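Structural overview for review
For reference, the chains in residue letters:
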Amino acid sequence: MEKETLNIPVLALRGLTVFPRMTSSFDVERDFSIFALDNAMESNHEIFLVTQKEIGVMQPGESDLYKVGTVCHIAQIIKTSDSSVRVIVSGRRRAKMRRLWQTEPFLQANVEVLRESTVSPQNADETEALLRQTYSIFGSYKDLVNGISDDVVSAVLDCRDPGYLADFIAQNITLRHQDRQQILQELRPMLRLQKINEILAHEVEVISLEVELESKVRERVTHVQRDMILREQVKVLQHELGDDGDEEIEDYTDRIQALKLPDEVEKKLLKEVDRLAKQPFGSAESSVIRNYLDVCLEIPWNRHTRDRADVEAARRMLDHDHFGLEKVKERILEFIAVRQINPDAKGKILCLVGPPGVGKTSIAISVARAMNRKLARLSLGGVRDEADIRGHRKTYIGAMPGRIIDAIIRSKSMNPLLVLDEIDKLGNDMRGDPASALLEVLDSEQNGSFRDHFVELPVDLSKIMFITTANTTETIPRPLLDRMEVIELSRYTDEEKVEIARQYLLPKQLKEHGLRKSQMRVSDDTLRAIITGYTRESGVRVLERQIARLCRKTAMRLVTSDVKRIDITVNNLKDFLGIVRYTESLHITKDEIGVVNGLAWTEVGGEILEVEVNVMEGSGKLELTGNLGTVMQESVKAALSCLRSRCSELGIEKDFYKTRDIHVHFPEGAIPKDGPSAGIAITTAMLSALTGRKVRGDVAMTGEVTLRGRVLPIGGLKEKAMAAMRNGIRTVILPKENEKDLEEIDQTVRAHLHFIPVETVDAVFAAALVYLASAVVLDRTALPLMAESCDAGASLRV
């Protein structure tokens with residue numbers, strides 16, 4: 001038989017299936033669907049209705065639609081709003097989509113009309129049995145589900161056509177669109193009716209379980225209500241007999257009144273006690289109120305520790321616990337002196353900023369001991385939720401106070417010292433910004449009445465001393481940083497590390513490993529060798545681990561051999577710690593052309609940063625290598641422009657930037673480098689390479705250069721100076737404006753180095769370049785100025 005095909009508009013349905021010989025109505029909102037209806041109305045009113053596989057797809061393609069649908073006749077279209085219409089359609093025939101050949105401005109497809117098979121008269125008994133099964137299952141379904149009209153029931157019982165009956169039931173009961181699609185795709189009436197029977201039987205089983213569960217829940221609720229009524233009756237009887245049983249309520253009331261709290265606090269807590277007394281036995285609200293009262297009464301209201309007023313005693317305790325850190329100690333002693341004169345002074349907020357391992361947290365702990373204050377520590381690293389600081393509302397399940405109130409409870413004092421560790425590592429997300437929540441906490445003008453979300457009572461934080469720690473101030477929000485007094489802790493010098501190791505770390509590790517001083521001896525030279533060869537850090541954590549390793553090796557030798565004492569020297573250090581892990585920075589030690597020793601700052605201290613420049617015949621290309629950052633690349637270009645503008649003064653060919661290729665390289669290319677402080681080193685190396693003059697190998701320099709040849713100040717001078725001394729440098733050239741920073745440099749370093757402050761590159765060239773009488777490299781008129789600048793800079797011997 002010849003197949004019947006149609007080119008017909010397509011309407012994609014979401015969660016809806018239309019069957020043949022059925023009338024359906026639905027709303028249409030999508031523009032391409034409305035266009036399809038308009039096109040169908042202009043022709044023969046026929047449209048192909050097919051269901052989408054996924055309801056959420058807004059622009060369906062061929063793969064998003066089922067293949068089998070229904071060719072329908074549009075009976076009526078009613079406009080319900082500006083963007084939607086209601087359609088009434090009558091299903092005609094099943095059809096299969098062969099190809100969706102149009103998607104814009106509406107869907108249109110080539111469909112093949114499907115012919116259904118007929119029921120054989122020979123199978124009349126089987127058909128009758130299947131129909132009776134359907135009537136029975138549908139009756140059970142109707143008894144469990146409300147909302148099925150009598151007309152639908154009558155139509156089902158009167159129907160004798162298996163195919164139509166299956167379609168009718170699927171159309172008129174609540175089913176998933178996937179189940180309806182199975183019925184629509186089945187062309188054999190008997191199998192179609194069997195499938196609807198299976199679906200109905202499954203629905204009856206599921207609904208029966210739902211009814212059973214609902215009955216159990218209703219029974220349980222009734223039991224709880226009955227139990228509550230009985231308990232309330234018992235309480236009434238106890239009240240009539242004069243036995244209230246309110247010992248808990250009386251206990252809360254007595255504890256609140258004994259604390260002599262401020263009026264607002266006492267009134268609020270007594271109100272909560274009254275609410276607790278009115279709660280029915282076993283209610284969830286009573287547990288919330290009881291937990292709230294317990295937390296509020298754990299706060300150490302009106303309990304304070306007496307500060308130590310002896311400045312000298314506090315100084316001795318701080319010096320005993322820590323070597324160095326003079327700025328922090330001096331600031332704490334000043335605070336103690338102020339408290340000695342004015343006991344009512346407000347607490348202070350200090351922020352200790354420095355690299356890891358320099359003693360920020362430990363000095364805060366020592367401060368608490370020196371001031372005779374209780375201590376509580378809060379680690380803020382990774383905290384992202386504002387509720388961690390301010391607490392949760394007490395109505396939430398599992399609610400608790402914030403970390404500030406919790407720390408006060410743990411310290412058992414209203415004037416403790418709170419250490420807020422890693423404040424620079426606070427995060428924020430959709431749950432709030434904890435750094436913003438700290439703005440009130442760390443403001444001595446506002447924190448006199450801090451309100452936690454859980455406690456909801458004013459808590460005085462003005463007597464608390466806050467000490468925060470951070471590795472950098474870059475990630476701390478400006479408003480928060482403005483509320484704190486920042487004290488910077490720089491890295492320890494090698495000599496400071498030697499003292500710390502000898503006075504603190506070595507005795508500590510000997511004690512932990514059960515060794516006596518006479519059993520293991522370590523000289524200062526050995527400690528220096530450990531510091532330079534086996535550690536590379538700002539603090540002393542790795543140094544302590546290496547000393548612990550020495551103790552373990554010593555203990556092993558003492559146990560396994562007859563020796564009574566182990567002397568660890570520079571010569572036998574490798575036997576204990578292995579090969580040397582770190583060597584001195586790569587740098588020149590003799591005079592060379594185009595090579596300059598620069599100075600760099602890193603998180604673990606200063607380093608020698610060598611600059612190499614080669615000049616070759618070429619076309620004026622500038623090559624930069626060594627993993628340089630944007631700022632350092634700009635410094636190279638500024639140095640080149642500075643030299644070009646001074647060609648005649650410096651004896652450089654005026655067209656060198658056209659006839660020569662310049663290659664600037666920073667060794668150790670795997671390490672990223674950035675910053676402007678290598679400007680004068682780059683300029684000097686370029687001039688040396690262009691003129692053939694050697695650069696002194698015992699000179700290192702640091703400073704930013706401008707296009708006019710001025711030398712601008714830099715940071716990290718203390719660390720850079722220590723790196724220069726450690727690497728055998730004798731002379732350090734630095735910006736004139738950094739001369740004031742020399743006071744902060746260790747006396748040992750200042751005694752070993754000759755510092756030359758400079759204001760212009762002329763003074764740099766005069767101090768760093770080797771003068772050759774036979775080489776005409778500089779304009780003679782420039783020499784007096786350069787010599788004068790050099791003398792002015794060399795006048796300071798530190």
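Going by the structure above, here's the rest.
Overview of the structure. Small disclaimer: the values here were computed from a predicted structure and weren't measured. (Residues numbered from 1 in each chain as written. Predicted model: local features only at pLDDT ≥ 70, side-chain atom pairs only at ≥ 80, totals over all residues. Heavy atoms only, no water.)

**A word on the overall build of the protein chain**
Scanning the protein chain from terminus to terminus reveals 28 helices and 26 strands. Taken over C-alpha atoms, the radius of gyration comes to 44 Å for the protein chain, far larger than the 28 Å a tight globule of 798 residues would show. Contacts in the protein chain between residues far apart in sequence, at least 24 positions, make up 73% of those at least 6 positions apart. Carbon and sulfur atoms make up 49% of the accessible area of the protein chain, which amounts to about 40,700 Å² in all. For the protein chain, the distance from the average site of its 109 positive side-chain charges to the average site of its 122 negative ones is 5 Å. (Helix = DSSP H or I, 4+ residues; strand = E, 2+ residues; numbered from the N terminus. Rg over C-alpha atoms; globule rule 2.2 N^0.38 Å. Contact = heavy atoms within 4.5 Å. Areas by Shrake-Rupley, 256 points an atom, 1.4 Å probe, with all protein chains shown as cover. Lys, Arg positive; Asp, Glu negative; His and termini not counted. Charge placed at Lys NZ, Arg CZ, Asp CG, Glu CD.)

**A closer look at the pairing of strand β26 (residues 754–758)**
Consecutive side chains along a regular strand alternate between the two faces of the sheet. Burial analysis of β26 places five of its five residues in the buried class, which makes it a mostly covered element. Residue alternation in β26 divides its side chains into two sets, H754, I756 and V758 and F755 and P757, and both sets are buried. The sheet contact formed by strand β25 (residues 731–735) and β26 spans five bridges and is parallel. Bridging from a neighbouring strand, V732 pairs with F755 of β26. (Buried < 20%, exposed > 50% of the residue type's maximum accessible area, 1.4 Å probe, protein only. Pairing = 2+ DSSP bridges.)

**Brief notes about the pattern of salt bridges**
Counted by the stated rule, this structure contains 38 salt bridges. Linking R192 and E116 is a salt bridge whose minimum nitrogen-to-oxygen distance equals 3.0 Å. In this pair, R192 is assigned in helix α6 (residues 189–240) and E116 in the loop between β6 (107–113) and α2 (124–144), connecting sequence segments 76 residues apart. The buried category is assigned to R192, whose relative accessible area is 0%. (Salt bridge = Lys/Arg side-chain N within 4 Å of Asp/Glu carboxyl O.)

**Observations concerning the nonpolar core**
Ranked by size, the top nonpolar core spans 53 residues in total, and within it L269, I423, L438, V441, L442 and M484 carry the most contacts. When residues of this core are assigned to their parent elements, the largest contribution, six residues, is made by helix α9 (residues 284–298). With sequence-adjacent residues up to four places away left out, L442 is seen in contact with I349, L420, I423, F466, T468, L480, R483 and M484. L352, I363, M465 and L515 belong to the second largest nonpolar core, which has 52 residues in total. (Core = buried A, V, L, I, M, F, W, Y, C linked by side-chain atoms within 4.5 Å.)

**With respect to the environment of I332**
Tracing the backbone shows I332 in helix α11 (residues 326–341). In the structure, I332 is positioned 179 residues away from K511 in sequence and 30 Å away in space, judged by C-alpha atoms. Beyond its immediate sequence surroundings of up to four residues, I332 is in contact with L318, L350, V367, M371 and M465.

**Observations concerning the packing of helix α3 (residues 150–158) against helix α4 (residues 162–172)**
One way to put it is that α3 packs onto α4 with a least axis distance of 10 Å and a crossing angle of 165 degrees. Here α3 is positioned roughly antiparallel relative to α4, judged by the angle of their axes. Crossing of α3 over α4 shows left-handed handedness. Between α3 and α4, the contacting residues are V152, A155 and V156 on the first element and L165, F168, I169 and N172 on the second. For the contact of α3 with α4, a count of residues per class yields six nonpolar, one polar and no charged. (Axes fitted to C-alpha atoms, helices over the stretch in contact; angles between N-to-C directions. Parallel < 35°, antiparallel > 145°, perpendicular 65-115°, else oblique. Left-handed = near helix turned anticlockwise from the far one by under 90°. Nonpolar A, V, L, I, M, F, W, Y, C, P; charged D, E, K, R; others polar.)

**Side note on the sheet that holds strand β7 (residues 349–353)**
Spatial strand order, β8-β9-β12-β7-β13: five strands in an open sheet with parallel pairing. Of all strands in the sheet, those bounded by a partner on one side alone are β8 (375–379) and β13 (485–488). This sheet shows a mean twist of 20 degrees between the axes of neighbouring strands, independent of strand direction. Direction of pairing for β8 relative to strand β9 (residues 417–421): parallel, over a ladder of five bridges. Bridge assignment links A376 to a residue of β9, and that residue is L418. This element, helix α12 (residues 360–371), spans β7, β8, β9 and β12 (465–470) of the sheet and lies at about 165 degrees to β12.

**Details of helix α7 (residues 247–258)**
Helix length check: α7, at 12 residues, gives a terminal C-alpha distance of 16 Å against a target of 16 Å (1.5 Å per residue), a fit within 8%. Buried within α7 are the following residues: I249, Y252 and I256. Taken end-on, α7 shows its buried residues confined to a sector of 65 degrees, consistent with a single buried face. Relative to its buried face, α7 has exposed residues pointing more than 90 degrees away, namely E247, E250, D254 and A258. Those residues of α7 that are buried are in contact with α8 (263–278) and α9. (Expected span 1.5 Å × (residues − 1). Arc of directions from axis to C-beta.)

**Examining helix α10 (residues 311–321)**
Listed in full, the buried residues belonging to α10 are V311, A313, A314, M317 and L318. Summarising the axial view, the buried residues of α10 lie within an arc of 165 degrees, below the 170-degree limit, and thus occupy one face. Away from its buried face, by an angle of more than 90 degrees, α10 presents the exposed residues R316 and H320. For α10, the secondary structure elements touched by its buried residues are α11 and α12.

Without other data, these values stay purely geometric and don't point to any function.
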